[in-house]
Amino acid sequence: MVKIEESWKRRLQAEFEAPYFQQLIAFVKEEYQQQVVYPPGPEIFRAFDACTFANTRVVILGQDPYHGEGQANGLCFSVRKGVKMPPSLLNIFKEIKRDVGKELPTHGDLERWARQGVLLLNATLTVRASSPGSHQNKGWEAFTDAVVDRVNREKEHCVFLLWGAYAQKKGALIDPHKHLVLSSAHPSPFSADRGFFGNRHFSQTNAYLAEHGLRPIDW
């Protein structure tokens, strides 16, 4: 029985019952029993609990949860209050300051974005400690593809922020005539200077939302 916010549960029920998802859940349960895995079990579906389907108007796609102790909290790029901001998240805040003039916050928990309608979705929802990519190709990608497909088909005028090649693969699922798709380099220090800095995605997102009568995001 998957515990997930009701509006998402109704739309994703067929995924939960699919053979691939049953295999995925068996794998994940065994990993949590035998290994240190992030995020904590109750936070695996936090992105959905914090941002209902009806409320979703921006989707940010990440890759894996953070694999360091105490970092991952179920929202992509986000960390718990009191945890040092990872470099990618710090770069996101730097671009926000450059783009919309908002000062850097004192913590990196992005739940306030989620509550405003930003679905902070990692392609893979779990990871083994200190082992990035360890839960890739186990079924999570098929599940998160289904999530993106649902948003794409059932909603209009959403903004999808695709940072880096991994996120951009999911762009194939999105209709650019119904939604705004913004792509750039990843905010990682290895690539931020190659197109993330200066992408102005945050002001572009808000301009598009306002244009379609939707409330902008307070980044």
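Residues numbered from 1 in each chain as written. Predicted model: local features only at pLDDT ≥ 70, side-chain atom pairs only at ≥ 80, totals over all residues. Heavy atoms only, no water.

Student: Would you mind going over the pairing of strand β5 (residues 159-163) with me for this structure?
Tutor: Look at any regular strand and the pattern is simple: side chains alternate between the two faces of the sheet. Across the five residues that make up β5, a large majority, five, are buried. Side-chain alternation along β5 places V159, L161 and W163 on one buried face and F160 and L162 on a second face that is also buried. Where strand β2 (residues 58-62) and β5 come together, four bridges link them in parallel fashion. Within the sheet, the bridge partner assigned to V58 lies in β5 and is V159. By the bridge criterion, five bridges tie β5 to strand β6 (residues 180-184) in an arrangement that is parallel. Bridged to L161 within β6 is L182. (Buried < 20%, exposed > 50% of the residue type's maximum accessible area, 1.4 Å probe, protein only. Helix = DSSP H or I, 4+ residues; strand = E, 2+ residues; numbered from the N terminus. Pairing = 2+ DSSP bridges.)

Student: Help me understand the packing of aromatic side chains in this model?
Tutor: Any aromatic ring pair is given by two values, namely how distant the centres are and how the planes are angled relative to each other. All told, the structure shown has 19 aromatic pairs when counted by the stated rule. A centroid spacing of 6.2 Å and a plane angle of 80° characterise the contact between F21 and W140, whose relative ring orientation is edge-to-face. Within this pair, whereas F21 is found in helix α2 (residues 19-34), its partner W140 is found in helix α6 (residues 140-154), the two being separated by 119 residues in sequence. For the pair shown, F21 and W140 are each scored as buried. Where W140 meets F143, the ring centres are 6.0 Å apart and the plane angle is 65°; that geometry is what we call edge-to-face. In this pair, W140 and F143 both sit in helix α6, three residues apart, roughly one turn of the helix. Above the ring of F53, the side-chain terminus of R11 is found at 3.9 Å from the ring centroid. Above the ring of F53, the side-chain terminus of K155 is found at 5.1 Å from the ring centroid. (Phe/Tyr/Trp six-rings, centres within 6.5 Å; stacked < 30°, edge-to-face > 60°. Lys NZ or Arg CZ within 6 Å of the ring centre and 35° of its normal.)

Student: Help me out: how do you make sense of the pairing of strand β3 (residues 118-122) in this one?
Tutor: Counting buried positions along β3 gives five out of five residues, so the element sits mostly inside the fold. Strand direction decides the pairing type here: β2 and β3, joined by five bridges, are parallel. By the bridge assignment for β3, V59 is matched with L119.

Student: Mind showing me how you'd approach the sheet that holds β2 here?
Tutor: To summarise the sheet geometry, strands pair through backbone hydrogen bonds and adopt either a parallel or an antiparallel arrangement. Read across the sheet, four strands follow the order β3-β2-β5-β6 without closing on themselves; strand pairing throughout is parallel. The sheet terminates laterally at β3 and β6, the two strands that pair on one side only. Direction aside, neighbouring strands of the sheet carry axes that sit 15° apart on average. (Axes fitted to C-alpha atoms, helices over the stretch in contact; angles between N-to-C directions.)

Student: So what exactly am I meant to see when it comes to unusual backbone geometry here?
Tutor: Y38 connects to P39 through a cis peptide bond whose omega is -5°. Turning to its location among the elements, P39 is positioned in the loop between β1 (37-38) and α3 (46-50). We note that F77 has phi near 70°; this positive angle belongs to a residue other than glycine. Its location among the elements puts F77 in the loop between β2 and α4 (87-100). Although it is not a glycine, N137 adopts a positive phi angle of roughly 60°. Judged by relative accessible area, N137 falls into the exposed class, the value being 70%.

Honestly, that's just the spatial picture; any functional story needs more than this.
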